[in-house]
Amino acid sequence: MSARGSGAETGLEILSIAPTATIQDRGRIGWLRYGVTSSGAMDDHALAEGQALLGNGCDDAALEFAGTGGRFRAHGTLWLACSGAEMALRVNGAPRPWRQSFRLDGGDIVEIGAVHEGVYGYLHVKGGFQTEMVLGSRSTHQRAGLGHRPAAGQLLPVLPQPADMTALSLPRPDHFDRRELRLLWGPQSDVFPRAERARLLAAEITVSPRRDRMGMRIELDSGPIRATEGLTIASDAINPGDIQVAGDGTPTVLLADRGSSGGYARIATLASADMAALAQIPAGGVFRFRLVSRDQAVEALARHRRALDSLASKAVPVTRDPRDIPDLLSYNLVSGATNGDDLDLD
Amino acid sequence: MSSASSSTAFGPPVIRLAGDMGILVEFGDRYHPSINAAVLAFDAAFEGRRPAAVIETVPTFRSFLIRFDPLALPFDTLHQLLSEMLESRNWYESGPPTRRRKWVIPAVYGGMRGPDLAEVADLMDQREDQVIDSHAATLFTVAMLGFSPGLAYLGQLSEIWDFPRRTTLNPEVPAGAVLVAVRQTVLPSTPIPTGWRQIARTPFRSFNPRSDTPFLLQPGDQLRFEPVDEAAYAAYSAYDMDALLHEEGA
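This one's a predicted model, so the numbers in the text were calculated from it and none came from an experiment. (Residues numbered from 1 in each chain as written. Chains lettered and ligands numbered in written order. Predicted model: local features only at pLDDT ≥ 70, side-chain atom pairs only at ≥ 80, totals over all residues. Heavy atoms only, no water.)

> Account for the overall build of chain A, naming residues and giving values.
Across its full length, chain A holds 7 helices and 22 strands. In chain A, which comprises 346 residues, the proportion classed as buried is 55%. Put simply, 77% of the contacts in chain A that link residues at least 6 apart link residues at least 24 apart. Total accessible area on chain A is roughly 14,200 Å²; 53% of this is exposed by carbon and sulfur atoms. (Helix = DSSP H or I, 4+ residues; strand = E, 2+ residues; numbered from the N terminus. Buried < 20%, exposed > 50% of the residue type's maximum accessible area, 1.4 Å probe, protein only. Contact = heavy atoms within 4.5 Å. Areas by Shrake-Rupley, 256 points an atom, 1.4 Å probe, with all protein chains shown as cover.)

See the structure below:
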């Protein structure tokens, strides 16, 4: 711990934060056999966006917000970027575009408000947040009590920041528009009558408000899934994306913070490539499933990985849009002071 | 040469697709010591032949899940390896793991440490001391880990313990709760919500994320509970558990 007042303590101070905010990286892999599910960013494309905007490594950790964000103060110069679901972003009170990297100087305030589109938004820092590593990952797993739990008053540690780097911008990804998600039958699909499986594929499906990082309850327009036999099985390992059907017939898609095993039969499994698209559908959002073969799902995964890998080449330097200039002028007039970093961007 | 899978009441094992990054080898559809032993033996054998693109593996009561990168390891290649391994021997005749350990775990039964003991005694139509004696006399095997970090499913109690879980959920039982239902004991290392009934509590924690050995209990390990009083309970440090290891090897 460096002494206060020396100016050496660099980091992002949390002034306020939504209780659903977490720290996430690519997840805690390799401990499933001991009952530890991976956690990790709900939108892996968004996590990769932030790494591309800041030139980070693929294992660097970001703040993940579910619907609402928080208010933060820079201690020292910081390079930040936002990604994923677009949220209201302000720096020292002035609106800033989403999905760009930007610089904060010591004392600057960044505010992340309500989500405009999607569910999970991310705030990244150059080099990633240096919170506690547990079992090889910084991801918060609230249910298991693993990883850092962000809260007001904390200073999130960061690596030494560059004095200057090129601010980058990325286009909006298209997975927020996806309303058809790929599905595979799984080991327990046979527990369900053929007609019920057909109904799952034919239904218009609505995302329930009962959703979190563990799972998303979904509702078929044609009603709950019925099964003549009991739906309980001898406990077995659960894959991410498995769609479990509990006693009342409501399906739940099991996600990053799920339990590692369970005794409810699972009717099907979501394709890995579509996990991020599902996670970004808000409560009340509507979609459909499309049955695919294993080969089709693997091909979709290959395309998904290529899209992540290509983000660095898609990031372009931020150019000043003339429409932004009046806003900058009014901000300077209102605040009565400028520390000059706006000018550095020119 | 005898057939690998015809001379048994179990099996044959089935290889199933489990999502686009998973393959499940199902050895059975229920908990049974022979099925569980087959899973654990297969797990040990697979570890020796594990392709680099395998991300992780999960042995359960009755099956073995392999999560892998299908872009680095074609499904058919992995399927071929698993088929060859399954054909190579009768896994149901494996017997217990050779490197399992034996644990003696102190536990305080009843009272505030086991708030559901009286209810369990009613369900079993036994006195509370008979319930404790029966539980403490049982030599358990760790059948699987799962649900929450380090939580151990222990098999198997006698038939008088064959009562169901509650239909309602207790929102939280503490780490170290000794939980019972369906002839099994469950031993969580973190607080969990549960429908199982708590008859005791142990200071033992199988999971310590800050240890070099974060998980102590392994599938196949043997374990029995030693009834102790509150003073003995307090004397155990929750994170110095090596003293509980009774005997190395089987």
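> Go over the overall build of chain B, please, and point to the residues and values.
Secondary structure assignment for chain B yields 5 helices and 14 strands. Taken over the C-alpha trace, chain B has a radius of gyration of 19 Å; the compact-globule value for 250 residues is 18 Å, and the two agree within 12%. By principal-axis analysis of the C-alpha atoms, chain B measures approximately 55 × 40 × 35 Å. Among the 250 residues that make up chain B, the fraction classed as buried is 56%. Pairs at least 24 apart in sequence give 65% of the contacts found in chain B among residues at least 6 apart. Accessible surface, chain B: about 10,800 Å² in total, of which carbon and sulfur atoms supply 49%. In chain B, which carries 21 positive and 30 negative side-chain charges, the distance between the mean positions of the two groups comes to 1 Å. (Rg over C-alpha atoms; globule rule 2.2 N^0.38 Å. Lys, Arg positive; Asp, Glu negative; His and termini not counted. Charge placed at Lys NZ, Arg CZ, Asp CG, Glu CD.)

> Lay out unusual backbone geometry in plain terms, naming residues and giving numbers.
Of note, the amide linkage connecting Gly-11 of chain B to Pro-12 of chain B takes the cis form, showing an omega dihedral of 5°. By the element assignment, Pro-12 of chain B lies in the segment before strand E1 (14-17). Here the amide bond leading from Gly-155 of chain B into Gln-156 of chain B is cis, since omega sits at 5°, within 30 degrees of zero. Looking at where Gln-156 of chain B falls in the secondary structure, it is placed in the loop between strand E7 (152-155) and strand E8 (170-173). Here the phi dihedral of Arg-99 of chain A falls at roughly 60°; this positive angle occurs in a residue that is not glycine. With respect to the helices, strands and loops of the structure, Arg-99 of chain A is situated in the loop between strand E7 (94-95) and strand E8 (101-104). A positive phi angle is found at Asp-125 of chain B, which is not glycine, with a value near 55°.

> Before we move on, could you go through the sheet that holds strand E17 (residues 242-245) of chain A and cite the residues and values that matter?
All names here are of chain A. One closed barrel accounts for 7 strands, arranged E13-E20-E17-E18-E15-E14-E21; its pairing is mixed. Across this sheet, the average inter-strand angle for adjacent strands is 40°, counted without regard to direction. Here strand E15 (residues 215-220) runs beside strand E18 (residues 251-254); their pairing, made up of 3 bridges, is antiparallel. Considered in E18, the bridge of Arg-217 is made with Thr-252. Contacts between helix H2 (residues 194-202) and the sheet are confined to strand E13 (180-185), strand E14 (205-211), E15, strand E20 (266-270) and strand E21 (286-291), with E13 contributing the most and set at about 160° to the helix. (Pairing = 2+ DSSP bridges. Axes fitted to C-alpha atoms, helices over the stretch in contact; angles between N-to-C directions.)

> Lay out the pairing of E20 of chain A with the relevant residues and their values.
All names here are of chain A. A large share of E20 lies buried, amounting to 5 of its 5 residues. Bridging between E13 and E20 involves 3 bridges; their strand directions are antiparallel. Within E20, the position partnered with Leu-184 by the bridge is Thr-269. Of the pairings in the sheet, the one linking E17 to E20 comprises 3 bridges and is antiparallel in character. Paired with Gln-244 across the two strands is Arg-266, which belongs to E20.

> I'd like to hear about helix H4 (residues 294-309) of chain A, residue by residue, with values.
Residues and elements named next belong to chain A. Compared with an ideal rise of 1.5 Å per residue, which puts 16 residues at 22 Å, H4 spans 23 Å between its outermost C-alpha atoms and is within 8% of the ideal. Considered for burial, the residues of H4 that qualify are Ala-297, Val-298, Ala-300, Leu-301, Ala-302, His-304 and Leu-308. The inward-facing, buried residues of H4 abut helix H1 (44-54), E13 and helix H5 (311-314). (Expected span 1.5 Å × (residues − 1).)

> So what's going on with the nonpolar core? Residues and values would help.
Among soluble globular proteins, nonpolar side chains are generally buried collectively. The biggest cluster of nonpolar side chains holds 50 residues, and the ones touching the most others in it are Trp-161, Leu-187, Ile-199, Leu-223 and Phe-225 of chain B. Discounting chain neighbours no more than four positions away, the residues touching Leu-223 of chain B are Trp-103, Ile-105, Thr-138, Leu-139, Phe-140, Leu-154, Leu-187 and Leu-217 of chain B. If you look at the next biggest cluster of nonpolar residues, it comprises 36 residues, including Ala-46, Met-275, Ala-279 and Phe-289 of chain A. (Core = buried A, V, L, I, M, F, W, Y, C linked by side-chain atoms within 4.5 Å.)

> Lay out the interface of chain B and chain A with the relevant residues and their values.
Taken together, the contact between chain B and chain A spans 44 residues of the former and 37 residues of the latter. Carbon and sulfur atoms supply 57% of the area that chain B and chain A bury against each other, a total of about 3,400 Å² over both sides. If you sort the residues of chain B by the area they bury against chain A, Asp-20, Leu-71 and Phe-147 of chain B come out on top, with a joint share of 18%. Counting across the interface, chain B meets chain A through 5 salt bridges. Across the contact surface, chain B and chain A share 16 residue pairs in polar contact (both at pLDDT 80 or more). In terms of residue count, strand E3 (residues 54-59) of chain B provides more of the side of chain B that touches chain A than any other element does, 5 residues in total. (Buried area = accessible area lost by both parts, 1.4 Å probe. Salt bridge = Lys/Arg side-chain N within 4 Å of Asp/Glu carboxyl O. Polar contact = N/O pair within 3.5 Å; in protein donor to acceptor, adjacent residues only side chain to side chain.)

> Got a sec to walk through the sheet that holds strand E2 (residues 22-26) of chain B? Specific residues and values, please.
Residue and element names in this part refer to chain B. Spatially, the 4 strands line up as an open sheet ordered E1-E2-E4-E3, and their pairing is antiparallel. Pairing within the sheet leaves two strands with one partner each, and these edge strands are E1 and E3. Averaged over all pairs of adjacent strands, the angle between their axes in this sheet comes to 20°, without regard to strand direction. Where E2 lies against strand E4 (residues 63-68), 5 bridges are found, and the strand directions are antiparallel.

> Give me the environment of Gln-184 of chain B: which residues, what numbers.
All names here are of chain B. For Gln-184, the position within the fold is in strand E10 (residues 184-187). By relative accessible area, Gln-184 is classed as buried at 9%. Measuring from C-alpha to C-alpha, the distance between Gln-184 and Pro-96 comes to 18 Å, with 88 residues separating the pair along the chain. Setting aside anything within four residues of it in sequence, one finds Gln-184 in contact with Tyr-31, Phe-61, Tyr-153, Leu-154, Leu-157, Leu-179 and Trp-196.

> Go over the packing of helix H1 (residues 33-49) of chain B against helix H2 (residues 75-88) of chain B, please, and point to the residues and values.
Residue and element names in this part refer to chain B. Two elements in contact, H1 and H2, have axes whose closest approach is 11 Å; the angle formed by their N-to-C orientations is 130°. Considering their axes alone, H1 and H2 lie oblique with respect to each other. As for how H1 packs across H2, the hand of that crossing is right-handed. Two secondary-structure elements touch here, H1 through Phe-42, Ala-45, Phe-46 and Arg-49 and H2 through Leu-78, Leu-81, Leu-82, Glu-84, Met-85 and Leu-86. Its residues assigned to classes, the contact of H1 with H2 shows 8 nonpolar, no polar and 2 charged. (Parallel < 35°, antiparallel > 145°, perpendicular 65-115°, else oblique. Left-handed = near helix turned anticlockwise from the far one by under 90°. Nonpolar A, V, L, I, M, F, W, Y, C, P; charged D, E, K, R; others polar.)

> Tell me about the pattern of salt bridges, residues and numbers included.
Counted under the stated rule, the structure contains 36 salt bridges over all chains. Two residues, Arg-62 of chain B and Asp-236 of chain A, come together in a salt bridge whose shortest N-O distance is 3.4 Å. With Arg-62 of chain B in the loop between E3 and E4 and Asp-236 of chain A in strand E16 (residues 232-237), this pair bridges two chains. Of the residues examined, Arg-62 of chain B reaches a relative accessible area of 3% and is grouped as buried. Between Arg-294 of chain A and Asp-76 of chain B there is a salt bridge, with the nearest N and O atoms lying 3.8 Å from each other. Taken together, the residues span two chains, with Arg-294 of chain A in helix H4 and Asp-76 of chain B in helix H2. Connected through salt bridges with shared partners, the residues Asp-236 of chain A together with Arg-16, Glu-26 and Arg-62 of chain B form a single ionic network.

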